[in-house]
Amino acid sequence: MVTRKERKQSTPNRLWHNFLQVQSTSKFFNIMLIGFMFLMASGLSVATYLNLATSAIPVSGSAYYGQYMPSFWPKGKDVLFLGVPGLSKAALPQNAVKITPELNTEIVARKMMLVFTGIDFKDLHSLFSHEIPFMLAFKSAGTPTVSAASLPNFPKFDAQSTTGSDKPLVAIYHTHTAEAFVPNSGVTHRPGGQRGDIVDVGLALAKQLEKNGVKAIHSATIHDYPSFMKAYGPSEITAQKLLTENPSIQMIFDIHRDADKRENVTAVFNGVAMAKITIVVATGQQDLPQPHWQQNHAFAKLIDAKLNAKYPGICRGLQMVEWRYNQHLHPRALLIEVGSQESSKEEAVRSMEILGDVLAEILAENR
């Protein structure tokens with residue numbers, strides 16, 4: 001028979017034995033739970049791998065179970081997120097995004113072109129970066145991509161004036177008459193009120209227009225002497241006089257040369273150097289209103305597009321300036337800069353011949 005003292009001494013041993021039994025049982029369940037979750041994760045990984053080529057699985061992965069695994073299986077993310085505030089929402093079902101590769105003649109042709117030439121015909125930048133001349137042949141000679149009709153602010157031509165070839169349609173003058181080209185004259189400006197090379201460039205434009213059957217007026221009036229900075233005052237008087245005496249004029253241009261490095265203003269086509277062109281559009285100021293700037297802008301965009309269609313890169317684009325440059329006098333009045341002081345007069349003349357052809361084309365399309 002066990003005495004009270006023996007029972008009292010044996011109680012701590014029994015409690016420790018019971019505690020060890022509970023810990024053992026708990027550890028067993030923990031091992032079982034971890035093993036179960038490992039099996040679930042392995043199954044999900046295998047199923048994902050088998051279906052990787054046909055489906056893109058959403059972030060939560062819940063939509064995957066109903067399609068590829070029995071619905072009564074517990075969802076690994078649901079177990080993982082159970083009892084964690086906020087994270088359980090991430091396991092809400094989402095639709096799988098099916099990615100089905102298409103195969104047709106267009107894709108095959110595009111892939112073959114990309115493999116053999118490195119050109120993606122859906123990427124225009126790849127065409128120009130490879131500088132393939134034969135691609136220019138794809139430009140249609142029919143309807144131009146940019147036309148007067150496609151520009152909302154383009155000022156309509158006077159049909160009555162453009163029908164008669166005996167009337168002057170284009171006026172040309174020079175605010176800075178002394179501008180010159182260093183390779184030809186040795187100076188950037190001719191001194192003492194002398195006419196510079198830029199006057200010959202304007203004359204070349206007038207002659208090219210005449211070759212195309214467009215009558216032009218070229219003014220060689222000196223405006224920048226004695227004051228170069230105040231030249232726009234006298235040149236405005238000349239421009240106004242040209243327009244008043246010749247109401248048939250449909251375009252009027254102030255021809256300049258730019259001030260820049262040669263490499264920035266030179267384009268080479270078929271081994272021939274030409275001076276790049278910049279078109280300046282004046283938008284006016286509060287005290288210098290310019291009511292025609294939107295029409296001038298539309299006109300400039302048309303010229304830019306046609307120049308670059310014939311010789312890509314020959315036109316450097318449009319430069320918007322908050323002033324007037326006499327462009328308030330006419331809805332098709334622009335300032336043209338051709339080349340720079342480092343260009344040659346011959347390069348500038350070649351560019352004016354191209355411009356003359358483009359202007360004659362614009363007139364012909366809108367008669």
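Each value, and the rule that gives it
- Residues numbered from 1 in each chain as written.
- Predicted model: local features only at pLDDT ≥ 70, side-chain atom pairs only at ≥ 80, totals over all residues.
- Heavy atoms only, no water.
- Helix = DSSP H or I, 4+ residues; strand = E, 2+ residues; numbered from the N terminus.
- Buried < 20%, exposed > 50% of the residue type's maximum accessible area, 1.4 Å probe, protein only.
- Areas by Shrake-Rupley, 256 points an atom, 1.4 Å probe, with all protein chains shown as cover.
- Pairing = 2+ DSSP bridges.
- Axes fitted to C-alpha atoms, helices over the stretch in contact; angles between N-to-C directions.
- Left-handed = near helix turned anticlockwise from the far one by under 90°.
- Contact = heavy atoms within 4.5 Å.
- Expected span 1.5 Å × (residues − 1).
- Core = buried A, V, L, I, M, F, W, Y, C linked by side-chain atoms within 4.5 Å.
- pLDDT = per-residue confidence, 0-100.
- Phe/Tyr/Trp six-rings, centres within 6.5 Å; stacked < 30°, edge-to-face > 60°.

Visitor: Help me understand the overall build of the chain, please; the structure alone is not making it clear to me.
Guide: Each helix and strand in the chain was counted, giving 11 helices and 10 strands. Taking all 367 residues of the chain together, the buried fraction comes to 38%. Summed over all atoms, the accessible surface of the chain reaches about 21900 Å², with 60% contributed by carbon and sulfur.

Visitor: Got a minute to help me understand the sheet that holds strand β4 (residues 216-218) in this structure?
Guide: Two strands in a sheet stick together by hydrogen bonds in their backbones, pointing the same way (parallel) or opposite ways (antiparallel). The strand order β4-β3-β5-β10-β8-β9 describes an open sheet built from 6 strands, whose pairing is mixed. Each of the sheet's edge strands pairs with one partner strand only, and the pair in question is β4 and β9 (315-321). Looking at each pair of strands side by side, their axes are set apart by 25° on average, direction ignored. Here 4 bridges tie strand β3 (residues 170-173) to strand β5 (residues 251-258), and the two strands are oriented parallel to one another. What sits directly across from A171, in β5, is I252.

Visitor: How should I be thinking about the packing of helix α8 (residues 197-211) against helix α11 (residues 345-365) in this particular structure?
Guide: Two measures define how a pair of helices packs: the angle their axes make with one another and the distance between the axes. For the pair α8 and α11, interaxial distance at closest approach is 8 Å and the crossing angle is 35°. For the pair α8 and α11, the crossing hand works out as right-handed. Residues D197, D200, V201, A204, L205, Q208 and L209 of α8 form the contact with α11, whose participating residues are K345, A348, V349, M352, E353, L355, G356, D357, L359 and A360.

Visitor: Would you explain helix α10 (residues 293-310) in this entry?
Guide: Owing to its 3.6 residues per turn, the α-helix aligns residues three or four sequence positions apart on the same side. Look at α10: 26 Å from first C-alpha to last across 18 residues, which is about the 26 Å you get at 1.5 Å a residue. Every buried residue of α10 is accounted for by N296, A298, F299, A300, L302, I303, D304, K306 and L307. If you follow the buried residues of α10, they end up packed against β5, β8 (277-282), β9, β10 (333-340) and α11.

Visitor: Help me understand the pairing of β5, please; the structure alone is not making it clear to me.
Guide: Successive side chains on a regular strand alternate, one facing one side of the sheet and the next facing the other. Along β5, 8 of the 8 residues are buried, which leaves the element largely enclosed by surrounding structure. With burial as the criterion, each face of β5 is covered, one bearing M251, F253, I255 and R257 and the other bearing I252, D254, H256 and D258. Sheet topology places β5 next to β10; 6 bridges connect them, and they run parallel. Within β10, the position partnered with I255 by the bridge is I336.

Visitor: Just to check I follow, could you spell out the side chain of T278 for this structure?
Guide: Relative to the assigned elements, T278 resides in strand β8. A residue is classified by how much of its surface remains accessible, and T278, at 7% relative accessible area, is buried. When near neighbours in sequence (up to four residues on either side) are disregarded, T278 contacts D258, R316, G317, Q319, L335, I336 and E337.

Visitor: Please clarify how the nonpolar core should be interpreted in this entry.
Guide: Generally speaking, a soluble globular protein has its nonpolar side chains buried in company with each other. Ranked by internal contacts, the top residues of the largest apolar core, which has 44 residues, are V170, F253 and I303. Considering every element that reaches this core, the biggest residue donor is α11, with 9 residues.

Visitor: Where do I start with α8 in this structure?
Guide: Between the first and last C-alpha of α8 there are 22 Å, a value that for 15 residues agrees with the 21 Å anticipated at 1.5 Å per step. Contact partners of the buried residues in α8: β3, α7 (182-185), β4, β5, β10 and α11. The positive-phi residue at the C-terminal boundary of α8 is G213, with phi of around 80°.

Visitor: Sorry, what's going on with the confidence of the model for the chain here?
Guide: Atom-level detail of predicted coordinates should not be read off regions where pLDDT is low. Overall, the predicted model of the chain reaches an average pLDDT of 74, with 57% of residues at or above 70. Note on residues 1-11: pLDDT under 50 across the span, and 3 contacts to partners over four residues away in sequence or across chains. In the model, residues 44-103 has pLDDT below 50 throughout and makes 55 contacts with residues more than four positions away in sequence or in other chains.

Visitor: Sorry if this is basic, but what is going on with the packing of aromatic side chains here?
Guide: Geometrically, a pair of aromatic rings is defined through the distance of the ring centres and the angle of the planes. Under the criterion given, the structure shown has 5 aromatic pairs. Judged by centre distance (5.4 Å) and plane angle (75°), the ring pair of Y232 and W323 falls under edge-to-face. Separated by 91 residues along the polypeptide, Y232 in helix α9 (residues 232-245) and W323 in the loop between β9 and β10 bring together distant segments of the chain. A relative accessible area of 13% places Y232 in the buried class. When its relative accessible area of 32% is taken as the criterion, W323 is described as partly exposed. Ring geometry for Y232 and Y325: centres 5.1 Å apart, planes at 50°, overall tilted. Taken together, the positions of Y232 in helix α9 and Y325 in the loop between β9 and β10 put the pair 93 residues apart, joining distant regions of the chain. The residues Y232 and Y325 share a single accessibility class, namely buried. Cluster of aromatic residues (ring-pair linked, three or more members): Y232, W323 and Y325.

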